[in-house]
Amino acid sequence: MARTKRAKVVSLTKTKAKTRENKENFVENVREAANQYAYIWIFAVSNMRNAYLGEVRRLWTGSKIFFGKLRVIAKALGETTEEEIRPGLGQVSQRLRGNVGLLMTDSPPAEVLDWCNDYRRIEFARMGNRATETIILPPGPIYCRSNPPETLPHNLEPQLRALGMPTQLKRGEPTLLEEFTVCRKGEKLSAEKAQILKHLFVQMAHFRLIPLAYWSAVGVPGQHDEGAVVDVPVSNEDRELIESSRSTTTMSDEPRKSGGLRNEANDMEDAQVDDDDEDDDEDMHDEMDDIEERDKAMMLPEGMKL
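Residues numbered from 1 in each chain as written. Predicted model: local features only at pLDDT ≥ 70, side-chain atom pairs only at ≥ 80, totals over all residues. Heavy atoms only, no water.

Draft legend 1. Representation of the overall build of the protein in the model. On a plain count of helices and strands, the protein comes out with 11 helices and 13 strands. Evaluated residue by residue, the protein yields a buried proportion of 45% over its 306 residues. When contacts within the protein are restricted to residue pairs at least 6 apart in sequence, long-range pairs at least 24 apart make up 75% of them. When the accessible surface of the protein is split by element, carbon and sulfur atoms take 48% of a total near 17100 Å². (Helix = DSSP H or I, 4+ residues; strand = E, 2+ residues; numbered from the N terminus. Buried < 20%, exposed > 50% of the residue type's maximum accessible area, 1.4 Å probe, protein only. Contact = heavy atoms within 4.5 Å. Areas by Shrake-Rupley, 256 points an atom, 1.4 Å probe, with all protein chains shown as cover.)

The following block contains the structure:
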């Protein structure tokens, strides 16, 4: 009998489909952790990078961090007073919107706040981030921000021209023919400007965990109710970082619709995803790894590493 020649659908994704059992296990893990720890923090993330989130997990060994699947987490904690598994957790569920995660810990609030204020990592900016300084390059050989400064390799010159820089190869060195303004402080970076900054080794993005509120099982001074939720004041600097991350999310919506790699910020907008279609935390990290590997390989000169 002849074999059928009908077209077959072949999935190219690396992400494995999740079953109802996976979701139930995730819900159980959230509930178990929520019943174990005395404090639950809601934090925003600026300039999400999977490698740094992994570092945070290692630094907070003994605590639990949940990121992604916000609607499932909210249902696990309980979204109303009648459904909440501990008093006050319904208020936590109602705040799970946008680019946020949960830190469940027994560490006192003062310790967590001090750690969040001290911990930050600097990375290369992406399209939609705001420039933190003005970069103006003078005519002549182009130097990257290394120690000591070095001229860019010759094979990078065609890429610089393609990015809009008035360059020419002279004596084996990419050379600017006239003064060139890469970016000005406060402006949103285009994809081309972000790539130029990467070639110059200029890092403008700050990975931060910004605490927004916390739930206390034992209440707070002056408020004797069990399960009190306390808002944390957000500085202007942190507010700008949060807004910058939201801008990056908005600017990456169109590439996601066209079938390209999803930006990691979009993957964290769980409020727009149906429960049956949500990926778990590990799936999101796999996709973010793909994005970071793409960024590292994109148009970098041979022999140079990030």
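After that view, the rundown keeps rolling.
Draft legend 2. Structural detail: the side chain of Asn99. Turning to its location among the elements, Asn99 is positioned in the loop between helix H4 (89-94) and strand E3 (100-105). Residue classification places Asn99 among the buried residues on the basis of a relative accessible area of 16%. Polar contacts involving the side chain of Asn99 include one to the main-chain carbonyl oxygen of Val45, which spans 2.7 Å. (Polar contact = N/O pair within 3.5 Å; in protein donor to acceptor, adjacent residues only side chain to side chain.)

Draft legend 3. Region of the structure containing the sheet that holds strand E9 (residues 167-170). Strand order in this open sheet of 3 strands is E6-E10-E9, and the pairing throughout is antiparallel. If you trace the sheet from one side to the other, it starts and ends with strand E6 (140-141) and E9, each paired once. As defined by bridge partners, E9 adjoins strand E10 (residues 173-176) across 4 bridges and the pair is classed as antiparallel. In the strand pairing of E10, Lys170 is matched with Glu173. (Pairing = 2+ DSSP bridges.)

Draft legend 4. Main features of the pairing of strand E12 (residues 205-216). Judged by how many residues are buried, E12 sits mostly within the fold: 10 of 12 residues are covered. As paired elements, strand E1 (residues 39-46) and E12 share 8 bridges and run antiparallel to each other. Counted as the bridge partner of Ile40 is Trp215 from E12. Strand direction decides the pairing type here: strand E4 (residues 121-123) and E12, joined by 3 bridges, are antiparallel. Looking across to E12, one finds that Arg121 is bridged to Phe207.

Draft legend 5. Focus on the nonpolar core. In this structure, Ile73, Leu77, Val92, Leu102 and Met104 are the most contacted members of the largest nonpolar core, which totals 29 residues. Listed by contribution, the elements that provide at least two residues to this core are helix H1 (20-36), E1, helix H3 (70-77), H4, E3, E12 and helix H8 (236-251). If one sorts the elements of this core by residue count, H3 sits on top with 6 residues. Ignoring sequence-local partners within four residues, the contact set of Leu77 consists of Val30, Ala34, Glu83, Glu84, Ile85, Leu89, Val92, Ser93, Leu102 and Met104. (Core = buried A, V, L, I, M, F, W, Y, C linked by side-chain atoms within 4.5 Å.)

Draft legend 6. Summary view of the confidence of the model for the protein. Of the residues in the protein, 74% reach a pLDDT of 70 or more, and the chain-wide mean stands at 79. The low-confidence segment residues 297-302, where pLDDT is below 50, has 14 contacts with residues more than four positions distant or belonging to other chains. (pLDDT = per-residue confidence, 0-100.)

Draft legend 7. Structural view of the environment of Glu83. With respect to the secondary-structure elements, Glu83 resides in the loop between H3 and H4. The residues touching Glu83, leaving out its near neighbours within four places in the chain, are Leu77 and Gly78. A polar contact is formed between the side chain of Glu83 and the backbone nitrogen of Glu79, at a distance of 3.4 Å.

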